[in-house]
2 protein chains.
Amino acid sequence: MANLASVLSTIDANIDASKGRLVELLRIPSVSTDPAYTKECERAAGWLVAALEGLGYFAESRATPGHPIVVGHAKAKRPDAPHVLFYGHYDVQPADPLELWETSPFDPHVRRGKDGEEIVARGASDDKGQLMTFVEACRAYEANGGLPCNVTFLFEGEEETGSPSLPGFLAKHRQELSEPSLALVCDTSMWNAKTPAITVMLRGLAHEEVVLTAASHDLHSGMFGGPIVNPIHVLSKIIGNLHDAEGRVTLPGFYEGVPEIPADVAAQWRGLDFDETAFLSALGLTTVAGERGRGALEQIWARPTCEVNGVYGGYMGKGTKTVLPAKAGAKFSFRLVGTQDPEKVLESLRAFVRARLPADVKAEFSSHGASGALSLPFSSPELSRARAALAEEWGVDAALVGCGGSIPIVGAFKETLGMDALMIGFALDDDRIHSPNEKYSLTSFHKGARSWARVLAALAG
Amino acid sequence: MANLASVLSTIDANIDASKGRLVELLRIPSVSTDPAYTKECERAAGWLVAALEGLGYFAESRATPGHPIVVGHAKAKRPDAPHVLFYGHYDVQPADPLELWETSPFDPHVRRGKDGEEIVARGASDDKGQLMTFVEACRAYEANGGLPCNVTFLFEGEEETGSPSLPGFLAKHRQELSEPSLALVCDTSMWNAKTPAITVMLRGLAHEEVVLTAASHDLHSGMFGGPIVNPIHVLSKIIGNLHDAEGRVTLPGFYEGVPEIPADVAAQWRGLDFDETAFLSALGLTTVAGERGRGALEQIWARPTCEVNGVYGGYMGKGTKTVLPAKAGAKFSFRLVGTQDPEKVLESLRAFVRARLPADVKAEFSSHGASGALSLPFSSPELSRARAALAEEWGVDAALVGCGGSIPIVGAFKETLGMDALMIGFALDDDRIHSPNEKYSLTSFHKGARSWARVLAALAG
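Since the model is a prediction, treat every value here as computed from it, not as a measurement.

K.L.:
I keep staring at the relation of the copies chain A and chain B and nothing clicks. Help me out?
P.N.:
Note on the identical chains: chain A maps onto chain B by a rotation of 180° and an axial translation of 0.0 Å, with an RMSD of 0.1 Å. Taken together, these values place the two copies in the relation of a two-fold axis.

Listed below in structure tokens is the structure:
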């Protein structure tokens, strides 16, 4: 097996050539949402196939109903080496508004930024620069005797349009793709420019719409108001009772499967330089709401929510209408953590609503999809090894962070391939992904490649 | 003063001529909302001026920003006679859809209905037939020595479009029009075909819109959900707390000025053949909601309400959007009774909302108008006299009824002229006003004229 020190030296010695390859990939305008760029997406996929083949790996571009998916396989020298799947995406967001770019979005250039040199181009951070940190780490291993892990590569071209072809592709190639025991995903951020991060928790999401109906039609609020039940009142009382005075969700069984964060992780989060006041102030707010006694970061990363995303009923236009409405509705969504069961949560909501319907009020329910939370157990050995590897590279412990939203790809890996994901990325919060003048720090790029070299070595034991 | 028995005989003897005059007026298509019929509105006003002048009264058609208003004055023979103002409207609703009429809407014809003969035409019931009951009563008095009361006539031509010119007209002619001490309004219904009714209570109405805002903009419910206050939740809790478990409004001071119905009136209402089950069933309902222990009729006629006419916030379209909204709003209206002060009620709502705003949630209020309830005191001597007069004509006591809605004209009489109104009308619930084949019972017409003859005599004492 390759000597890690030599691999890191190789990365350092060849960093300019690595940047040159990144620039080549960034020059391809692989905008996935715009059919005008379909050929460019194919070109980017072909470029990646060539890059992997250039390293001596098996690689091919496979057609999907949308843009092609690149699959590659690389064998470690050691027969008992672990097997990982690396995921990245070669597609990018549209570049417009073009006039806000300092230079052409597909003509990458390097400039000095506040955290050192950075490369400016659409896709520099999301996700071509990140993807290439891993490829360049592999290249350095190949120059030093080969990889310490078996690696399956999976590069898709539809992440920016919601990965419509990916679930079907995973299912179709389940046998081939489920050989690895862990997915490595490089599409997330550092905690800050000096502190790497591993995303270990993604909240789940469950949707339910509730429509209450009472009278057979809207009525005049003067001629009928009083003895006729108003579904807006009923719905409001239900919504108003979904949280108690402490901000906790009152649905029976809601907190089943919601774990408390281990003390050491909680301590680590408190140690992060998260400025709650600045976070709130940027939103025009001053005060942490929600569950009393829990901070903003903990709530977003590790606590479930019951949120009304929309409410409607009666007359919603300008001015007044003296209507006693026949109907009112609300769109509920739940962010889920731990082992909360999405279906149980929705059923608990339905039971809660039904139990609060007065005579003559009927409820209709419609579900809009549900998926549970995803997390890498804090006790997982892969997590410990990756964390140690990152600490060696960066000189500080990696933050173990959560993500309040869901990342559908990670859900698909878990669901279809039965595989956990280790989410490590080197993007910075000011990378302006999806915006004009997107950039990627060259420190992220260089130390990102070194980080992956260390993580692969650590995972191999 | 004329002998009442002779007056009634005159009405009976001339009923065919009376019908003939009603038919003449019904032939004029005085549709107020359609500019194509402006000349017809003027023609109807002119017809009424001629009718009053034909009785020897002063009458003239006066221009307004809209259709003309007819003012007439008639002197009683007795110098100390009371002075009343009679209100009616000569304008009608559009007749369409024309194809649903059995005969042309402005070519009146008489047919046999379930309650006897009836005349079918647009405006037959609303309000030309009703208006003419009073004019024909006056005519019979003139044939028998003159009126027992001084009468001011006020016929407007914009009732069906919300009487936009009336308030200004009343203000402009306040001195002339405020001489009478009581308004007689003939634009309401009988309790049923055998039981006359006097409408003695109209609920008031106050509107207030409340918009709550929290964060400076809509947020992603995954990336921010938990520590960020959701204005839909706050608004729902407020609305949900506006009524207690007994259905009573919880706003402090709300029931100040809400009288209990006198025992004899309550007993009279219980004696009415109101079929609560049929009333609810027609609306797809089975159960009286609202204030526990109070019937539907009592609630609509004599109890105040706090109603949300509309609610809105966040994403209201099809499907889902994982939005944590920055804004939510509700349109409130209050139906008021007794001496409830609309401004105090709205201020109580505003205070109630403000007291329930968590940190970072702001409320904006906008009022959309307010007017108090109107009622003729149950103890008023005019009411007793009119009721006795109706009982003599119909052989049963007149029902003293309420109206859940407001009648803006009556509010204007009270506000601008300081005048109470005695609302007596002979329409039936199945008159199909505003609909094709509108009709007026010829019994209503004939006994209506006789009723007014008796009421005028009774008011004169």
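After that view, the rundown keeps rolling.
K.L.:
I tried to follow the UniProt feature "domain: Peptidase M20 dimerisation" (unreviewed entry) in chain A on my own but got confused; where do I start?
P.N.:
Mapped onto the present numbering, the UniProt feature "domain: Peptidase M20 dimerisation" (unreviewed entry) falls on residues 210-360 of chain A. Measuring from the first to the last C-alpha atom of residues 210-360 of chain A gives 16 Å, for a span that is 32% helix and 19% strand.

K.L.:
Explanation requested: the domain arrangement of chain A in the structure shown.
P.N.:
Interfaces are often sized by the amount of accessible area the parts lose when they come together. All names here are of chain A. What the domain assignment reports for chain A is domain 1 (4-202 + 373-460) and domain 2 (204-258 + 304-371). The straight-line distance from the C-alpha centre of domain 1 to that of domain 2 is 42 Å. Listed per partner, the contact involves five residues of domain 1 and seven residues of domain 2. Summing both partners gives a buried area of about 400 Å² for domain 1 against domain 2, and 48% of it is carried by carbon and sulfur. Broken down residue by residue, the surface that domain 1 buries against domain 2 is led by Ala373, Gly404 and Ser406, which jointly contribute 78%. Between the two partners, domain 1 and domain 2, sit zero salt bridges. Of the residues assigned to the side of domain 1 that touches domain 2, the class counts are two nonpolar, three polar and no charged.

K.L.:
I'm lost on the sheet that holds strand β13 (residues 327-336) of chain A in this one. Help?
P.N.:
Strands in a sheet are paired, the pairing made by backbone hydrogen bonds, and the direction either parallel or antiparallel. Spatial ordering of the open sheet is given by β14(A)-β9(A)-β13(A)-β11(A)-β11(B)-β13(B)-β9(B)-β14(B), a layout of eight strands whose pairing is antiparallel. Looking at which strands have only one partner, the edges of the open sheet turn out to be β14 (362-371) of chain A together with β14 (362-371) of chain B. In this sheet, neighbouring strand axes are inclined to one another by 20° on average, regardless of whether the strands run parallel or antiparallel. One ladder, built from five bridges, connects strand β11 (residues 305-314) of chain A with strand β11 (residues 305-314) of chain B; its direction is antiparallel.

K.L.:
What's the story with the pattern of salt bridges in this structure? I'm lost.
P.N.:
Where charged atoms from two side chains of opposite charge come close, those side chains can pair. Counting across every chain of the model gives 70 salt bridges over all chains. Between Glu438(A) and Arg122(A) there is a salt bridge; the shortest N-O distance is 2.7 Å. Taken together, the residues Glu438(A) in the loop between β17 (420-425) and β18 (439-441) and Arg122(A) in the loop between β5 (116-120) and α4 (124-142) connect sequence positions 316 residues apart. Under the relative-accessibility criterion, Arg122(A) is labelled buried at 0%. Glu176(B) is paired through a salt bridge with Arg62(B); the nearest N and O atoms lie 2.8 Å apart. Of the two residues, Glu176(B) is situated in helix α6 (residues 174-177) and Arg62(B) in strand β1 (residues 58-62); the sequence distance between them amounts to 114 residues. By relative accessible area, Glu176(B) is classed as partly exposed at 24%. Taking relative accessible area as the criterion, Arg62(B) reaches 12% and is therefore assigned buried.

K.L.:
Help me understand the sheet that holds β5(A), please; the structure alone is not making it clear to me.
P.N.:
Residues and elements named next belong to chain A. Read from one edge to the other, the open sheet built from three strands follows the order β4-β5-β18, with strand pairing classed as antiparallel. In the strand order of this sheet, the two ends are held by β4 (109-113) and β18, each with one partner. Geometrically, the sheet is characterised by an average inter-axis angle of 35° between neighbouring strands, direction not taken into account. Taken together, the five bridges between β4 and β5 define a ladder with antiparallel strand orientation. Residue pairing in the sheet places Val110 in a bridge with Ile119 of β5.

K.L.:
Can you help me understand the packing of aromatic side chains in this one?
P.N.:
By convention here, two paired aromatic rings are described through the distance between centres and the angle between planes. Evaluated as defined, the whole model comprises 33 aromatic pairs over all chains. Ring centres of Trp191(A) and Trp301(A) lie 5.9 Å apart, and the angle between their planes is 80°; this geometry places the pair in the edge-to-face category. Within this pair, whereas Trp191(A) is found in the loop between β7 (182-185) and β8 (197-202), its partner Trp301(A) is found in helix α11 (residues 296-302), the two being separated by 110 residues in sequence. Neither residue differs from the other here; Trp191(A) and Trp301(A) are each classed as buried. Ring centres of Phe254(B) and Phe334(B) lie 6.0 Å apart, and the angle between their planes is 45°; this geometry places the pair in the tilted category. Placement of Phe254(B) in the loop between α8 (231-240) and α9 (263-271) and of Phe334(B) in strand β13 (residues 327-336) is noted, with a sequence separation of 80 residues between them. Among the residues examined, Phe254(B) registers a relative accessible area of 2% and is labelled buried. One aromatic cluster is present, formed by Tyr57(A), Phe86(A), Phe134(A), Phe153(A), Phe155(A), Trp394(A), Phe426(A) and Trp452(A) through successive ring pairs. Sitting above the plane of the Tyr255(A) ring, Arg248(A) keeps its charged end 4.1 Å from the centroid.

K.L.:
Just checking my understanding: could you explain the nonpolar core for this structure?
P.N.:
Soluble globular proteins: nonpolar side chains tend toward being buried together. Of all hydrophobic cores here, the largest spans 95 residues; its most connected members are Phe155(B), Leu184(B), Ile198(B) and Trp452(B). Core analysis: the second largest hydrophobic core is formed by 92 residues, Leu131(A), Leu280(A), Leu383(A) and Ala215(B) among them.

K.L.:
Would you explain the side chain of Ser348(A) in this entry?
P.N.:
When you line up the elements, Ser348(A) lands in helix α12 (residues 342-354). Excluding residues within four positions of it along the chain, Ser348(A) makes contact with Leu251(A) and Pro252(A).

K.L.:
Would you explain the pairing of β8(A) in this entry?
P.N.:
Moving residue by residue along a regular strand, the side chains alternate between the two faces of the sheet. Residues and elements named next belong to chain A. Burial analysis of β8 places six of its six residues in the buried class, the great majority of the element. With three bridges joining them, β8 and β17 adopt antiparallel strand pairing. Residue pairing in the sheet places Ile198 in a bridge with Ile424 of β17. Taken together, the five bridges between β8 and strand β16 (residues 399-403) define a ladder with parallel strand orientation. By the bridge assignment, Met201 is partnered in β16 with Gly402. Examined bridge by bridge, β8 and strand β15 (residues 374-375) share two bridges and lie antiparallel to one another.

K.L.:
Please explain the interface of chain A and chain B as it appears in this structure.
P.N.:
Tallying the contact residues gives 71 residues for chain A and 71 residues for chain B. The junction of chain A with chain B conceals about 5300 Å² of combined surface from both sides, 59% of it contributed by carbon and sulfur atoms. In this structure, the connection of chain A to chain B is made through zero salt bridges. For the interface between chain A and chain B, the tally reads 34 residue pairs in polar contact (both at pLDDT 80 or more). If one sorts the elements of the side of chain A that touches chain B by residue count, β11(A) sits on top with 10 residues. Residues of the side of chain A that touches chain B, tallied by class, amount to 31 nonpolar, 31 polar and nine charged.

K.L.:
Please explain the pairing of β5(A) as it appears in this structure.
P.N.:
Judged by how many residues are buried, β5(A) sits mostly within the fold: four of five residues are covered. Here β4(A) folds back onto β5(A), and the loop between the two strands holds two residues.

K.L.:
Got a minute to help me understand the packing of helix α2 (residues 15-26) of chain A against helix α3 (residues 38-54) of chain A in this structure?
P.N.:
A pair of packed helices can be characterised by two numbers: the angle between their axes and the separation between those axes. All names here are of chain A. Contact pair α2 / α3: the axes reach a minimum separation of 10 Å and the direction vectors enclose 155°. Taken as axis vectors, α2 and α3 run roughly antiparallel relative to one another. From α2, Arg21, Glu24 and Leu25 reach across to α3, where they touch Ala44, Trp47 and Leu48. Each residue belonging to the contact of α2 with α3 can be placed in one class, and the counts come to four nonpolar, no polar and two charged.

Thresholds, definitions, all that
- Residues numbered from 1 in each chain as written.
- Chains lettered and ligands numbered in written order.
- Predicted model: local features only at pLDDT ≥ 70, side-chain atom pairs only at ≥ 80, totals over all residues.
- Heavy atoms only, no water.
- Least-squares fit on C-alpha atoms with pLDDT ≥ 70 in both.
- UniProt positions renumbered as here; feature names shortened; annotations may be inferred.
- Helix = DSSP H or I, 4+ residues; strand = E, 2+ residues; numbered from the N terminus.
- Domains from an automatic or database assignment.
- Contact = heavy atoms within 4.5 Å.
- Buried area = accessible area lost by both parts, 1.4 Å probe.
- Salt bridge = Lys/Arg side-chain N within 4 Å of Asp/Glu carboxyl O.
- Nonpolar A, V, L, I, M, F, W, Y, C, P; charged D, E, K, R; others polar.
- Pairing = 2+ DSSP bridges.
- Axes fitted to C-alpha atoms, helices over the stretch in contact; angles between N-to-C directions.
- Buried < 20%, exposed > 50% of the residue type's maximum accessible area, 1.4 Å probe, protein only.
- Phe/Tyr/Trp six-rings, centres within 6.5 Å; stacked < 30°, edge-to-face > 60°.
- Lys NZ or Arg CZ within 6 Å of the ring centre and 35° of its normal.
- Core = buried A, V, L, I, M, F, W, Y, C linked by side-chain atoms within 4.5 Å.
- Polar contact = N/O pair within 3.5 Å; in protein donor to acceptor, adjacent residues only side chain to side chain.
- Parallel < 35°, antiparallel > 145°, perpendicular 65-115°, else oblique.

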